[in-house]
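# Descriptive analysis of the structure
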Amino acid sequence: MTQAPTELRPKKLFIKTYGCQMNVYDSDRMADALAPHGYEPTQTMDDADLVVLNTCHIREKASEKVFSELGRLAELRKEGRNFMVGVAGCVAQAEGEEIARRAKGRVDMVFGPQSYHRLPELIARVAAGEMVLETEFPTEDKFEHLPAASKLVTRTRGLTAFLTVQEGCDKFCSFCVVPYTRGAETSRPVEQVLVEARNLVDAGVRELTLLGQNVNAYHGLDARGRSVGLGELCARLAEIKGLARIRYTTSHPSDMSDELIEAHRDNDKLMPYLHLPVQSGSDQILKAMNRRHTRADYFALIERIKRARPDMALSGDFIVGFPGETDADFAQTLSIVREVGYASAYTFKYSIRPGTPGATMTDQVDEAKKTERLATLNELITTQMRDFGKSVVGRTLDVLIEKPGRMPGQIGGRSPYLQAVYMAGPERLIGTVQPVLIVAAGNNSIEGKIVTHEERRPASVVESQAIAAF
Ligand code: SAH
Ligand code: SF4
Ligand code: F3S
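Given the structure is predicted, the values throughout are model-derived calculations rather than measurements.

### Let's talk about the site of ligand 2
- Taken together, Cys169, Lys171, Phe172, Cys173, Phe175, Cys176, Val178, Pro179, Asn214, His252 and Arg291 are the residues near ligand 2.
- For the shell around ligand 2, the class distribution of residues is seven nonpolar, two polar and two charged.

See the structure below:
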């Protein structure tokens, strides 16, 4: 239950967010839950009444940050600053008891992602003298109880927004903590997602990124109690007038259904850019990782996706140095990257996570080897990213204009491939989608020139011929 506001003196809330987009979304929702209770966001810890660390457990380094940050906060308290400290997120979920023990006296509440709707109540318990530890997976739906942000607040967050539609994971990849920190896979009901999406669009949002640890496994119930897949959800969202673009992340290759692939062909609002992590190019390693698909399956999938949407670009995630990875396995990863050609990719050294099957595997790869492989892979990925940037020069891309540029008379936005694009143009175009001829590509951004819809036509003809010829 959302509590009635208890305290209306404005208080300052500082949330430090680590980890993935879902944590970014969650931090906003925590702020929304506390807004009716008089908490206003602040950009610094120095004047905060409440500091929340929204933590990530995915790799060892990410987890360690919690304890160093708690140390820093303890120093501030010693200096006489008086504020409440909460640890939220995936480290709280996975290691709640340990944090409460190790950081005794430095932390007031530790709570997992399924308790965010109860934050006002948890704060009240701390105020009454309790040290709060909440890491249960409650049966109630937190989304039913989390209040929506006001229009004004949504506007300050920009023209693009995240929207969690699915949470948790049942895949149990042998390296990964997410099934333990976010729990079993659940999907939000269709109507609940549509209401939140309409609110965001009403407040000016033009692009939505649907979030889920396994977002393409989405299977929410519609108003008639029918199970709906992600493709159909996107079709329903596309009906919202004023919403220009839809993206989703992160997808698992085994859950790319025909329905979703067809949505990429039929739904113009769905962007032709897909994050489709494969992790490794070696079948042996994929098997040991429990990824549930082979290298050949991945290639076949990409072929199907590109048939539906020839201008689709891909991004990926890769882990080097998973237990048992040989030089030959790693060579397979390099070759899958070469064959697919990524627009972007995130690369990681395998990090042992307590409680996962990978942690007890005996053939761990030594650190120096991991470092060496990561450097080799990064070199290849960097080249591909640069090549992808260059490949759009001469193309006309739709750009969502988001903000004034750094120079006078300049505006900036994002291409369908999330590239930052700068061009000359008036600020009144902010919030619109414009056809932009890309004229140059730098390392971090590309430069374009707005063209009229008529000027664009020849390019579209060429594109549709390419589709026909595929
Ligand atoms: N939900 C996402 C994964 C989230 S974690 C998905 O299913 O793709 C993001 C990325 O972190 C993963 O894709 C993986 O590449 C990396 N990762 C996860 N566990 C890791 C570990 N133990 N060591 C190194 N990288 C890891
Ligand atoms: Fe982790 Fe695998 Fe689930 Fe992704 S699919 S969240 S990598 S267990
Ligand atoms: Fe990290 Fe949790 Fe996201 S472990 S990557 S914050 S789901």
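### Focus on the side chain of glutamate 207
- Structurally, glutamate 207 is set in strand S10 (residues 207-211).
- Judged by its relative accessible area of 4%, glutamate 207 is buried.
- Contact partners of glutamate 207, with chain neighbours within four places excluded, come to Leu159, Thr160, Ala161, Leu243, Arg245, Arg247, Leu400 and Leu418.

### What to know about the nonpolar core
- Core analysis: the biggest nonpolar cluster contains 52 residues, and Leu208, Leu210 and Leu237 have the highest contact counts within it.
- For this core, the element with the most residues is helix H8 (residues 190-202), which contributes six residues.
- Apart from the residues lying within four places of it in its own chain, the contact partners of leucine 237 are Val193, Leu194, Ala197, Leu208, Leu210, Leu243 and Ile246.
- Membership of the second largest hydrophobic core comes to 22 residues, among which are Leu53, Ala62, Val66 and Ala92.

### Regarding the site of ligand 1
- Taken together, the neighbourhood of ligand 1 is formed by 14 residues, with Phe175, Gln213, Gln279, Asp317 and Ser351 sitting nearest.
- Separating an oxygen atom of ligand 1 from a side-chain N or O atom of arginine 59 is a distance of 3.0 Å.
- Within the contact set of ligand 1, an oxygen atom lies 2.7 Å away from a side-chain nitrogen or oxygen of glutamine 279.
- Burial of ligand 1 by the surrounding chains reaches 89%, relative to a free accessible area of 540 Å².

### Describing the packing of helix H2 (residues 60-78) against helix H3 (residues 89-102)
- Relative orientation of the contacting elements H2 and H3 amounts to 35°, with a least axis distance of 11 Å. Once H2 is placed against H3, the crossing between them reads as right-handed. Packed against H2, whose contacting residues are Ser63, Val66, Phe67 and Leu70, the element H3 presents Val91, Glu95, Ile99 and Arg102 at the interface.
- Of the residues contributing to the contact of H2 with H3, the split by class is five nonpolar, one polar and two charged.

### With respect to the pattern of salt bridges
- Evaluation of the coordinates by the stated rule reveals 36 salt bridges.
- Residue glutamate 239 is joined to arginine 236 by a salt bridge in which the shortest nitrogen-to-oxygen separation is 3.9 Å.
- Given the relative accessible area of 61%, glutamate 239 is considered exposed.
- In the salt-bridge network here, residues are joined through shared partners; they are Asp28, Arg29, Asp32, Arg157, Arg188 and Glu196.

### Some remarks on the pairing of strand S4 (residues 84-88)
- For S4, a buried count of five out of five residues is recorded, marking the element as mostly surrounded by other parts of the structure.
- Taking every second residue as pointing to the same face, both faces of S4 are buried, with Met84, Gly86 and Ala88 on one and Val85 and Val87 on the other.
- Bridge count between strand S3 (residues 50-55) and S4: five bridges; the pairing is parallel. Along S4, the bridge assignment pairs valine 52 with glycine 86.

### Things to note about unusual backbone geometry
- For the bond running from threonine 249 to threonine 250, omega is 5°, close enough to zero to count as cis.
- Relative to the elements of secondary structure, threonine 250 occurs in the loop between strand S13 (245-249) and helix H10 (258-266).
- One non-glycine residue, glutamine 279, adopts positive backbone phi at about 75°.
- Assignment of secondary structure puts glutamine 279 in the loop between strand S14 (273-275) and helix H11 (283-288).
- For asparagine 290, which is not glycine, the phi dihedral falls at a positive 60°.

### Structural notes on the environment of alanine 441
- In this structure, alanine 441 sits in strand S20 (residues 433-441).
- C-alpha of alanine 441 to C-alpha of valine 393: the two residues are 48 residues apart in sequence and 6.7 Å apart in space.
- Those residues in contact with alanine 441 that sit more than four places away from it in its chain are Gly389, Lys390, Val393 and Ile446.

### Some words on the environment of arginine 247
- One can find arginine 247 in strand S13.
- Taking C-alpha positions, arginine 247 is 19 Å from glycine 412, a pair spaced 165 residues apart along the chain.
- Residues contacting arginine 247, with those up to four places away along its chain left out, are Glu207, Leu208, Thr209, Leu210, Met271, Tyr273, Ser415, Pro416 and Leu418.
- A distance of 2.8 Å separates a polar atom in the side chain of arginine 247 from a polar atom in the side chain of glutamate 207.

### Section: the sheet that holds strand S6 (residues 132-134)
- As summarised here, the arrangement of the six strands in space is S2-S1-S3-S4-S5-S6, forming an open sheet in which the pairing is parallel. Of all strands in the sheet, those bounded by a partner on one side alone are strand S2 (39-41) and S6. Along the sheet, successive strands turn relative to each other by an average axial angle of 20°, direction set aside.
- Pairing geometry for S4 and strand S5 (residues 109-111), over two bridges, is parallel. Bridge pairing links glycine 86 to methionine 109 in S5.
- Helix H1 (residues 21-34) rests against strand S1 (11-17), S2, S3, S4 and S5 of the sheet, and its axis sits at about 170° to S1.

### Digging into the packing of aromatic side chains
- Using the criterion set out here, one finds seven aromatic pairs in the structure.
- On the numbers, 5.3 Å between centres and 70° between planes, the contact of phenylalanine 322 with tyrosine 350 is edge-to-face. Of this pair, phenylalanine 322 sits in the loop between strand S15 (313-320) and helix H13 (327-340) while tyrosine 350 sits in the loop between strand S16 (344-349) and helix H14 (367-391); the two residues are 28 residues apart in sequence, bridging distant segments of the chain.
- By relative accessible area, which is 4% here, tyrosine 350 ends up buried.
- Aromatic pair phenylalanine 388 and tyrosine 417: ring centres 5.2 Å apart, planes at 90°, arrangement edge-to-face. With phenylalanine 388 in helix H14 and tyrosine 417 in the loop between strand S18 (410-414) and strand S19 (420-424), this pair connects stretches of sequence that are 29 residues apart. Residue phenylalanine 388 shares its accessibility class with tyrosine 417, and that shared class is buried.
- An aromatic cluster of three or more residues is present, and its members are Phe175, Phe322 and Tyr350.
- Above the ring of phenylalanine 83, the side-chain terminus of arginine 77 is found at 5.7 Å from the ring centroid.
- Between arginine 188 and the ring centre of phenylalanine 143, over which it is positioned, the NZ or CZ distance is 3.9 Å.

Conventions adopted
Residues numbered from 1 in each chain as written. Chains lettered and ligands numbered in written order. Predicted model: local features only at pLDDT ≥ 70, side-chain atom pairs only at ≥ 80, totals over all residues. Heavy atoms only, no water. Near = heavy atom within 4 Å. Nonpolar A, V, L, I, M, F, W, Y, C, P; charged D, E, K, R; others polar. Helix = DSSP H or I, 4+ residues; strand = E, 2+ residues; numbered from the N terminus. Buried < 20%, exposed > 50% of the residue type's maximum accessible area, 1.4 Å probe, protein only. Contact = heavy atoms within 4.5 Å. Core = buried A, V, L, I, M, F, W, Y, C linked by side-chain atoms within 4.5 Å. Polar contact = N/O pair within 3.5 Å; in protein donor to acceptor, adjacent residues only side chain to side chain. Areas by Shrake-Rupley, 256 points an atom, 1.4 Å probe, with all protein chains shown as cover. Axes fitted to C-alpha atoms, helices over the stretch in contact; angles between N-to-C directions. Left-handed = near helix turned anticlockwise from the far one by under 90°. Salt bridge = Lys/Arg side-chain N within 4 Å of Asp/Glu carboxyl O. Pairing = 2+ DSSP bridges. Phe/Tyr/Trp six-rings, centres within 6.5 Å; stacked < 30°, edge-to-face > 60°. Lys NZ or Arg CZ within 6 Å of the ring centre and 35° of its normal.

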